[in-house]
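Structural overview
Residue strings, one per chain:
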Amino acid sequence: MSLAVIQMVSQSDVLANLQQARSLLERAAEGGARLAVLPENFAAMGRRDMAAIGRAEALGEGPILPWLKQTARDLRLWIVAGTLPLPPEHQPDAKSNACSLLVDDQGQWVARYDKLHLFDVDVADNRGRYRESDDYAHGNRVVVADTPVGRVGLTVCYDLRFPELYSELRAAGAELITAPSAFTAVTGAAHWEVLIRARAIETQCYVLAAAQGGVHPGPRETYGHAAIVDPWGRVLAQQDQGEAVLLAERDSSEQASIRARMPVFSHRRIFSQGVQRLA
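Residues numbered from 1 in each chain as written. Predicted model: local features only at pLDDT ≥ 70, side-chain atom pairs only at ≥ 80, totals over all residues. Heavy atoms only, no water.

**Things to note about helix α3 (residues 64-75)**
Between the first and last C-alpha of α3 there are 16 Å, a value that for twelve residues agrees with the 16 Å anticipated at 1.5 Å per step. Within α3, the full set of buried residues consists of I64, L65, W67, L68, T71, A72 and L75. Buried residues of α3, viewed axially, fall in a sector of 160 degrees; they line one side. Those residues of α3 that are buried are in contact with α1 (14-30), α2 (50-58), β3 (78-86), β4 (97-103) and β5 (109-114). Just downstream of α3 lies R76, where phi reads positive at about 50 degrees. (Helix = DSSP H or I, 4+ residues; strand = E, 2+ residues; numbered from the N terminus. Expected span 1.5 Å × (residues − 1). Buried < 20%, exposed > 50% of the residue type's maximum accessible area, 1.4 Å probe, protein only. Arc of directions from axis to C-beta. Contact = heavy atoms within 4.5 Å.)

Laid out in structure tokens, this is it:
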């Protein structure tokens, strides 16, 4: 059951980004992948008109959703479409979410995850200040879905810092977790690999960490290092910078063995007596 993770260096031109994403997804399909994960903001980076992009897509007037459906059909490939701006369903004038869509190999929507945790932080880089909530609304649901490669839980980028979300996904039956991302160069160098490996080890899931890896308009520099991590925390494939297609196999028997030999989820304890605070 082959898995693919895509690394891109997306720019502001949506059509050029979609053309490049198509080329990378073709390589994934040729490599035998059944499921491929695109990075966060795969269709546009450095744009200040995300709301307009999202509204056009919701009204059926944008290029991204038709491209996604057609590409999945043409390549017979399940695709996790990193993130794109989309307002809530049937509310085209509402504030967009940073939306990660799962599309099957017939081009049909299977699941939608709206990013729960928005990146409102200060970073010691050229940009300095990031406020995703200026452009996006918070999501409010945990999402898992069945695919030919296993039960997939959906997350995005900054979510990686909130392990309780990943515990909920594992409790909901996740066997693989997607984490399309656009980590800054500064935060990525400090925390990226630690986080993706920790989330894999804690949940005993495969983590499919697609990434942006290079320089974008803004100015913005992303860390890259897209990776596929197995349930034991081993990095099966990784790319430092630039465009790439990473492939790996899911070994469901080994995953079951890891979970049986170290049954961490049956060992979990609820702190029913609360916290004792001593002076």
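**A short note on the pattern of salt bridges**
Enumeration over the complete set of coordinates arrives at 15 salt bridges. Across the salt bridge formed by E254 and R234, the nearest N and O atoms sit 2.7 Å from each other. With E254 in helix α6 (residues 252-261) and R234 in the loop between β15 (226-229) and β16 (235-239), this pair connects stretches of sequence that are 20 residues apart. Residues joined in a network through salt bridges with shared partners are R22, E26 and D74. (Salt bridge = Lys/Arg side-chain N within 4 Å of Asp/Glu carboxyl O.)

**Quick word on the environment of H138**
Tracing the chain through its elements places H138 in the loop between β7 (129-131) and β8 (144-147). Once the C-alpha coordinates of H138 and N97 are considered, the two residues, 41 residues apart in sequence, prove to be 6.6 Å apart. Other than its neighbours up to four places away in sequence, H138 contacts N97, K115, L116 and L118. Within the structure, H138 has its side chain in polar contact with the backbone oxygen of L116 (distance 2.9 Å). (Polar contact = N/O pair within 3.5 Å; in protein donor to acceptor, adjacent residues only side chain to side chain.)

**A look at the sheet that holds β16**
One open sheet holds the six strands; their spatial order is β8-β9-β10-β11-β15-β16, and the pairing between them is mixed. Strands at the two margins of the open sheet, each flanked by one partner only, are β8 and β16. Strand-to-strand twist across the sheet, computed as the mean angle between neighbouring axes with direction ignored, equals 20 degrees. Across four bridges, the pairing between β8 and strand β9 (residues 150-154) is antiparallel. Opposite T147, over in β9, you have G150 as the bridge partner. (Pairing = 2+ DSSP bridges. Axes fitted to C-alpha atoms, helices over the stretch in contact; angles between N-to-C directions.)

**A few points about unusual backbone geometry**
A cis amide bond, omega -5 degrees, links G218 with the succeeding residue P219. Inspection of the secondary structure assignment puts P219 in the loop between β13 (215-216) and β14 (220-221). Although it is not a glycine, C157 sits at a positive phi angle of roughly 40 degrees. Following the sequence through the fold, C157 ends up in the loop between β9 and α4 (163-171). For C157, a relative accessible area of 7% translates into the label buried. In this structure, H225 takes a positive phi of about 60 degrees despite not being glycine.

**Quick look at the pairing of β16**
Across four bridges, the pairing between β15 and β16 is antiparallel. Counterpart to A226 in the pairing with β16 is Q239. The loop that links β15 with its antiparallel partner β16 comprises five residues; one of these, G233, has a positive phi angle of about 90 degrees.

**Points about the packing of aromatic side chains**
The final tally for this structure, using the stated rule, is five aromatic pairs. A ring pair is formed by F42 and W67, whose centres lie 6.0 Å apart and whose planes are at 35 degrees; its orientation type is tilted. Of the two residues, F42 sits in the loop between β2 (33-37) and α2 while W67 sits in helix α3, which places them 25 residues apart along the sequence. For the pair F119 and Y158, a centre-to-centre distance of 5.3 Å together with 75 degrees between the ring planes defines the contact as edge-to-face. With a gap of 39 residues between them, F119 in the loop between β5 and β6 (120-122) and Y158 in the loop between β9 and α4 connect regions that are remote in the sequence. An identical accessibility class is assigned to F119 and Y158; each is buried. (Phe/Tyr/Trp six-rings, centres within 6.5 Å; stacked < 30°, edge-to-face > 60°.)

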